[in-house]
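Listed below, chain by chain, are the residues.
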Amino acid sequence: MRNRRFDNISLSKQNIRMWYFMVFDIVGIALVYSLAILALKFTHVEAFDTRMAFMLLPAVIVLKIIVFYLSNLYKLILAHPGIDEVMRVFFAVIGSNVLVAIITLAIPRFEFIPEIYLIFTTFLEAIVIAFPRILKRIGNYLLRNRYQMYAKRTLLVGAGSGGKIVLNEILNNPSLMNQPIAFVDDDPDKIGRLMAGYKIYGPLARIPSLISTLHIQEVIICIANLNKQKYQDIINLIAEKPVKIKRLPRITELKKESVKPLIDVNVEDLLARDVVELDDEGINDFIEGKRVLVTGAGGSIGSELVRQIITYHPAEVILFDIYENGVYDLQMQLENEYHHMTEDIDINVLIGSVYNEKRVSRLFDATKPDLVFHAAAYKHVPLMEASAVEAVRTNVIGTYNICKVSCAYHVEKMVLVSSDKAVRPTNIMGATKRFAEKIIQYFDKGSETRFSAVRFGNVLGSNGSVVPLFKKQIQNGGPLTVTDKNIIRYFMTIPEAV
């Protein structure tokens, strides 16, 4: 019923739009040919019957509207009209006038306008008919010029079909606030030529110098299906300069709902390698039909754990966290975006702290989990130096409580999310994580529950990682701060880590 109602609304809008253009076409045709008839009258063309011409004008209008309708002129999508739409209008007008000329020659009494004069009226009529159909684009052009001083000077990488798509989107969408300046491409046949009036520079190695000489503020990568190495090379070239980077979505991303025409370069694009894809058949056997508890479920790692766990069809997922806002946001996301996956899965959201042993015991008693992923922890190194007691209470005592209760309730397996900073720790956070690892090693020796730990390195985009910090520093105008200028960081993405 709901879909039918929306379909009816959509159809009514289409009908209103069709009638709007029909009325405009009728008025336009009447105006053009009235002017033509009057011009012929006052120029005293021999054997021209003005009265007969005006009498036949309504029939000509009806004939032309029928031709326009059969030419699908009233079904054109005019959100971003271009040369194709204008050419279709011209062909429809020419076709209708050819038909009028044929009728004039075939029917002696059908004396409208002399055939030779139809040639002159054709161009004026085509312009009048096309004008309302390109009015939106003209408005966008004027609006873009009005805000040109505020738009970002933009360099487009790739002068192929993707570049044309991006250019059209910029020209037709003033809200993007981009001012195209030029293209850059590696193709020697394109370098030095113009594309839609914009010069094509090259090769791509010139990107850093072009950014400087053309005063570029934003670069858009317009090549959708680049191989990983070439894409990384382009990113590295652009990253030499302080500009914002966007890109055209890949084909696989276009399948997603509400994908934007241009998207920011994401954290996965910063990897100088392909994202690792796992063979998940064994993971499915491990999780399917189980009750799974995730502590710290509202965090960046915990929430991604939950999103991936539900794809393996567990019987129940228990989200446990001390911070209500984070776990609430995850709950809403699961209900809105993953509802098709969670229809047969019980999602249980509970608030509490892992360092509260009684709360943890009640949690296990109520939910009886088969698997436990322990991601609840404090991980900010400088903050834990100043709040060492809290670090010990959550990272050490909290882990002890989870291990102890897991044994008591015969949990099948407990997995600790640890850190590479647990290796020869030099700070409080690392030391508490190493202590947590020692705890699970102790419990693993004399328990039915299997205990394991995974040490994460630098996880791109996780809460507290360096990438979000860099983003905030850039938004604030800099500077970027690093621990040491010679430091090398090795990253994995959140999905890889999970």
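In case you missed it, the structure is sitting above this.
Residues numbered from 1 in each chain as written. Predicted model: local features only at pLDDT ≥ 70, side-chain atom pairs only at ≥ 80, totals over all residues. Heavy atoms only, no water.

(A) Main features of the overall build of the chain. Assigned secondary structure in the chain consists of 17 helices and 15 strands. Classification of the 498 residues of the chain by burial places 42% in the buried group. Of the contacts formed within the chain by residues at least 6 apart in sequence, a portion of 72% connects residues at least 24 apart. Accessible surface computed for the chain: about 28,000 Å², of which carbon and sulfur atoms make up 58%. (Helix = DSSP H or I, 4+ residues; strand = E, 2+ residues; numbered from the N terminus. Buried < 20%, exposed > 50% of the residue type's maximum accessible area, 1.4 Å probe, protein only. Contact = heavy atoms within 4.5 Å. Areas by Shrake-Rupley, 256 points an atom, 1.4 Å probe, with all protein chains shown as cover.)

(B) Focus on a nonpolar patch on the surface. Together, Ile83, Met87, Phe91, Ile94, Val98 and Ile102 make up a nonpolar patch on the protein surface, roughly 580 Å² of accessible area in all. Residue classification places Ile94 among the partly exposed positions, given a relative accessible area of 37%. (Patch = residues over 30% accessible without salt bridge, like charges linked within 9 Å, V, L, I, M, F, W, Y side chains within 5 Å. Salt bridge = Lys/Arg side-chain N within 4 Å of Asp/Glu carboxyl O.)

(C) Region of interest: the side chain of Asn97. For Asn97, the position within the fold is in helix H3 (residues 83–106). Among the polar contacts listed, one links the side chain of Asn97 to the side chain of Lys64, at a separation of 2.4 Å. Excluding residues that lie within four positions of it along the chain, Asn97 makes contacts with Tyr33, Lys64, Leu118, Thr121, Thr122 and Glu125. (Polar contact = N/O pair within 3.5 Å; in protein donor to acceptor, adjacent residues only side chain to side chain.)

(D) Representation of the environment of Ala224. Within the fold, Ala224 resides in the loop between strand E5 (218–221) and helix H7 (228–238). Between the alpha carbons of Ala224 and Gly158 there is a distance of 9.5 Å; along the sequence they are 66 residues apart.

(E) Just the sheet that holds strand E12 (residues 413–419), in detail. The strand order across the open sheet formed by 6 strands is E10-E9-E8-E11-E12-E13, and the pairing between neighbours is parallel. Because the sheet does not close on itself, it has two edges, and the strands there are strand E10 (346–351) and strand E13 (450–456). Each adjacent strand pair in this sheet contributes to an overall mean axis angle of 15°, direction not counted. Judged from the 4 bridges that link them, strand E8 (residues 291–295) and strand E11 (residues 371–374) form a sheet pairing that is parallel. Within E11, the residue paired with Thr295 across the bridge is His374. The strands that helix H9 (residues 300–309) touches are E8, strand E9 (316–321), E11, E12 and E13; relative to E8, the one it contacts most, it runs at about 165°. Helix-sheet contacts for helix H10 (residues 324–337) involve E9 and E10, and the interaxial angle to E10 is about 165°. (Pairing = 2+ DSSP bridges. Axes fitted to C-alpha atoms, helices over the stretch in contact; angles between N-to-C directions.)

(F) Representation of the nonpolar core in the model. In terms of nonpolar packing, the biggest core is built from 32 residues, with Tyr33, Phe68 and Phe112 touching the most fellow members. Residue assignment for this core shows that the elements contributing at least two residues are helix H1 (2–42), helix H2 (50–70), H3 and helix H4 (115–146). Counting residues per element, this core draws most heavily on H1, which supplies 9 residues. If we skip the residues at most four places from it in the chain, Tyr33 touches Leu57, Lys64, Asn97, Phe112, Ile113, Leu118, Thr121 and Glu125. One finds Val294, Ile301, Val317 and Ala375 within the second-largest nonpolar core, a separate group that totals 23 residues. (Core = buried A, V, L, I, M, F, W, Y, C linked by side-chain atoms within 4.5 Å.)

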